[in-house]
Amino acid sequence: MKKIIITIDGPAASGKEKIAKYISKKWKFKHLDSGLLYRRLALILHNEKIETKDINEIKKRIEKINNISFRRSKKLRTQEISQLASKIAIHQFVRQYVNDLQYDFVSKHKKIRGFVIDGRDIGSVVFKKANLKLYIEVNSEIRAKRRYKQLIDSGEKSIYRKILMDVKLRDKKDKMRENSPLIIPNGAHIINNNKSFKHTINQINKLMENF
Ligand code: C5P
């Protein structure tokens, strides 16, 4: 069975996950959030107090992992883990590890026809030959406001200005890094997610007509 891959890339807090969940539900595609895997690694290092500067220690720790959880957790969503995830994501060996997890995920779900995978480099590096590539665009103030509301709604204390700074810092790190920087992948469709979700999904529905 030929598998269908839809990739969603875009900056921090651009709404990739919400869009991926929408596609996953409507077309019964399996969703994989690659950011969650970077966050999971960051949490392991954080819990074991492994310095992000200590490349050898990170390598050794990753080599020891037998089984990594793909489960969502509130612990993965804190500001601290977000920052840490983007720090370790600069290393090629970390990226290779996460990419391999994604390839395994797709090949192990033999009976699944379609996958929707979101991240920063999915259409540009991980699944270059995807059937449909989306790149989500939203200005940084709107992203920070949405993330702020999410954190407050989930009971976390939060300061809007700090979130805006964090979003801008992560954008800079993601776009400037040497390995797999955030770019608009070749052949990607740009989705404007500045307005309502309805406006966004109208653009998606048109592109998904053939699936
Ligand atoms: O998407 P999310 O914000 O959960 O990702 C956490 C961090 O992991 C990002 O800030 C980014 O630095 C890194 N990441 C990445 N490549 C991906 C997914 C996430 O570099 N494909």
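Look up a bit, the structure's there.
Since the structure is predicted, the reported quantities are computational estimates derived from the model, not experimental observations.

1. Here's the deal with the side chain of Asp-166
(1) Moving on: Along the chain, Asp-166 falls in helix α8 (residues 160–176).
(2) Moving on: Not counting the four nearest positions on each side in its chain, Asp-166 is found in contact with Gln-79 and Gln-83.

2. Let's talk about the sheet that holds strand β2 (residues 30–33)
(1) Moving on: Pairing is parallel in the open sheet, where five strands are placed in the order β2-β3-β1-β4-β5. Only two strands of the sheet have a single partner each, and these edge strands are β2 and β5 (189–192). Strand after strand, the sheet turns through a mean of 20° between neighbouring axes, direction not considered.
(2) Moving on: Bridge count between strand β4 (residues 132–137) and β5: four bridges; the pairing is parallel. In the strand pairing of β5, Leu-134 is matched with His-189.
(3) Moving on: Helix-sheet contacts for helix α1 (residues 16–27) involve β1 (4–9), β2, β3 (114–119) and β4, and the interaxial angle to β3 is about 175°.
(4) Moving on: Where helix α9 (residues 197–207) meets the sheet, it contacts β4 and β5, and its direction lies at approximately 155° from that of β5.

Cut-offs applied
Residues numbered from 1 in each chain as written. Predicted model: local features only at pLDDT ≥ 70, side-chain atom pairs only at ≥ 80, totals over all residues. Heavy atoms only, no water. Helix = DSSP H or I, 4+ residues; strand = E, 2+ residues; numbered from the N terminus. Contact = heavy atoms within 4.5 Å. Pairing = 2+ DSSP bridges. Axes fitted to C-alpha atoms, helices over the stretch in contact; angles between N-to-C directions.

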